[in-house]
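# Examining the three-dimensional arrangement
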Amino acid sequence: MEQFFSRLYNWFISQNSMLTSIIVVSLWIILTVCYSHSQRGKALCHSNKYLEPLENNESILIKGVSDIKFNDSIVRNAFIKKMMIIQNEKKHHQMVFKDVFSYYYATISVLHLLTVIAGIFAFLIAATGWASTNHVVKLIFLLSVSSTTYFGLFPTIFNQKKIIEVNMRKYLDYSSKQQVLYDYCITAIQMNKDSTNDHMKFLSKTDTALLNIKDLYFVIDDLPIKRRDYLNELGSS
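Now for a look at the structure at hand. As the structure is a prediction and not an experimental result, all values here were calculated from the model.

## Details of the pattern of salt bridges
A full pass over the atoms with the stated rule returns three salt bridges. We note a salt bridge from Lys-63 to Asp-67, for which the minimum N-O separation is 2.8 Å. Taken together, the residues Lys-63 and Asp-67, both in helix 2 (residues 17-67) and four residues apart, mark about one turn of the helix. We classify Lys-63 as exposed; its relative accessible area is 54%. Judged by its relative accessible area of 43%, Asp-67 falls in the partly exposed class.

## Remarks on the nonpolar core
The biggest cluster of nonpolar side chains holds 18 residues, and the ones touching the most others in it are Phe-70, Phe-79, Met-83, Leu-181 and Cys-185. Listed by contribution, the elements that provide at least two residues to this core are helix 2, helix 3 (73-128), helix 5 (160-190) and helix 6 (196-213). Here the element with the most residues in this core is helix 5; it accounts for five residues. Beyond its immediate stretch of four places on either side in the chain, Cys-185 contacts Val-65, Ile-68, Phe-70 and Phe-79.

## A closer look at helix 3
With 56 residues, helix 3 extends 82 Å between its outermost C-alpha atoms, agreeing within 8% with the 82 Å of an ideal straight helix rising 1.5 Å per residue. A positive backbone phi angle near 90 degrees is found at Gly-129, which sits one or two residues after helix 3.

## A closer look at the packing of helix 3 against helix 6
Where helix 3 contacts helix 6, the axes come no closer than 11 Å and their chain directions differ by 15 degrees. If you check the angle between helix 3 and helix 6, you find them roughly parallel. Of the two elements, helix 3 crosses helix 6, and the hand of that crossing is left-handed. Of helix 6, the residues touching helix 3 (which contributes Val-75, Ala-78, Phe-79, Lys-82 and Ile-86) are Thr-196, His-199, Met-200, Phe-202, Leu-203, Thr-206, Asp-207 and Leu-210. Class assignment of the residues belonging to the contact of helix 3 with helix 6 gives a composition of eight nonpolar, three polar and two charged.

## Quick notes on the packing of aromatic side chains
Inspection of every chain in the model, using the stated rule, returns nine aromatic pairs. Considering the side-chain rings of Tyr-150 and Phe-154, the 5.0 Å spacing of their centres and the 70 degrees angle between planes classify their relative orientation as edge-to-face. Taken as a pair, Tyr-150 and Phe-154 lie in helix 4 (residues 135-157) at a separation of four residues, close to a single helical turn. On the basis of relative accessible area, Phe-154 is assigned to the partly exposed category, the value being 23%. Each residue in the set Tyr-150, Phe-151, Phe-154 and Phe-158 is aromatic and connected to the rest through ring pairs, giving one cluster. Across the ring face of Tyr-103, the terminal group of Arg-40 is positioned such that the distance to the ring centre comes to 4.0 Å. Sitting over the face of the ring of Tyr-171, Lys-90 holds its NZ or CZ atom 5.0 Å from the ring centroid.

## Quick word on the layout of surface pockets
Vacant regions in the atomic arrangement are exposed by a probe of water-molecule size rolled over the atoms. Each pocket or cavity is described by its volume, and for the largest pocket that value is around 320 Å³. What lines the largest pocket is a set of 16 residues, and nearest its centre among them are Arg-40, Tyr-103, Thr-107, Phe-154 and Gln-160. Elements supplying a minimum of two residues to the lining of the largest pocket: helix 2, helix 3, helix 4 and helix 5. Tallied by class, the residues present in the lining of the largest pocket amount to ten nonpolar, four polar and two charged. As a volume, the second largest pocket reaches approximately 260 Å³.

## Comments concerning a nonpolar patch on the surface
A cluster of nonpolar side chains, contributed by Leu-19, Ile-23, Leu-27 and Leu-31, occupies part of the molecular surface with about 370 Å² of accessible area. Along the chain, Ile-23 falls in helix 2.

## Brief notes about the side chain of Gln-87
Along the chain, the position of Gln-87 falls in helix 3. The exposure class assigned to Gln-87 is buried, which follows from its relative accessible area of 12%. Here Gln-178 takes part through its side chain, which lies 2.8 Å from a polar atom of the side chain of Gln-87. Beyond its immediate sequence surroundings of up to four residues, Gln-87 is in contact with Glu-58, Ile-62 and Gln-178.

Reading guide: rules and limits
Residues numbered from 1 in each chain as written. Predicted model: local features only at pLDDT ≥ 70, side-chain atom pairs only at ≥ 80, totals over all residues. Heavy atoms only, no water. Salt bridge = Lys/Arg side-chain N within 4 Å of Asp/Glu carboxyl O. Helix = DSSP H or I, 4+ residues; strand = E, 2+ residues; numbered from the N terminus. Buried < 20%, exposed > 50% of the residue type's maximum accessible area, 1.4 Å probe, protein only. Core = buried A, V, L, I, M, F, W, Y, C linked by side-chain atoms within 4.5 Å. Contact = heavy atoms within 4.5 Å. Expected span 1.5 Å × (residues − 1). Axes fitted to C-alpha atoms, helices over the stretch in contact; angles between N-to-C directions. Parallel < 35°, antiparallel > 145°, perpendicular 65-115°, else oblique. Left-handed = near helix turned anticlockwise from the far one by under 90°. Nonpolar A, V, L, I, M, F, W, Y, C, P; charged D, E, K, R; others polar. Phe/Tyr/Trp six-rings, centres within 6.5 Å; stacked < 30°, edge-to-face > 60°. Lys NZ or Arg CZ within 6 Å of the ring centre and 35° of its normal. 1 Å grid on protein atoms, 1.4 Å probe; cavity = no way out; pocket = protein on both sides within 12 Å on 5 of 7 lines; lining within 4 Å. Points joined across faces, edges and corners; volume = space filled by probe spheres on them. Patch = residues over 30% accessible without salt bridge, like charges linked within 9 Å, V, L, I, M, F, W, Y side chains within 5 Å. Areas by Shrake-Rupley, 256 points an atom, 1.4 Å probe, with all protein chains shown as cover. Polar contact = N/O pair within 3.5 Å; in protein donor to acceptor, adjacent residues only side chain to side chain.

Purely spatial values, then, with no claim about function.
In C-alpha cells, the structure reads:
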C-alpha cells in the first residue's frame, strides 16, 4: 500500500506543472469548502442544543398567557398578541445569532487548520530552500497562506463577534420581557385585578420598553481591506 501511494505521488509530481497546479487548486477549494460546511453544520447543531431549554421556556410562557382567563376578551387577545410580537422579535435575533455564529465557528475552525498546514509546509520549504522545493509543495504553501489571509478577514469585516454578542443580548432581553408579561398576567388574576384600564397601561409601558431594546444590528466594515491596500501601497512605493 505504501509503495502504491509512493508511486502515485511520484507520478503526480512528474506531470505537467500546469495540470498539476489546476488539480491541486481544485482539490484545495473543494476540501476547504467541504470542511467549512461541515464545521458550520456542527456549530448549528451546538447552538440548537444549547438554545433548546430556552425555547422550551418560550412555549411554556406563551401557552401560560393563552390559558389565562380575563373577563375582557379584548384584553386577553391584546396580551396574547403582545406575547407573539415579542416572540417574533426574539426569533429574529435568534436566527441572526445562530446564522452568524455558525459562520464564525466555521471560519475559526478553517483558520486553525490552515495555520497548521501553512506552518508544516513553511518548515518543509525552509529545510530544502525555495529553489529546491517541489512546485506542488510551494503551491500548497501559497494556497494555505492566501486562504488564511482570506478567511482571517471575515470575522473583522463582517463584525461577526459583535453581531453574535448584540443579537444574543437582544434575544435574552426579549426573553425577560416575555417573563415579565407572563408574571403580570398571573399576578393580575391572583389579585383579582381585572381593570381594563390597568391592563392597557401595562401594555403601553411594555411597548415603551420594547422600543428601547428594538434594534437590527448587522454591520459590514471594509476598513481592514482599506488598511491592507494602504500597507501594500506603502510597500510598493
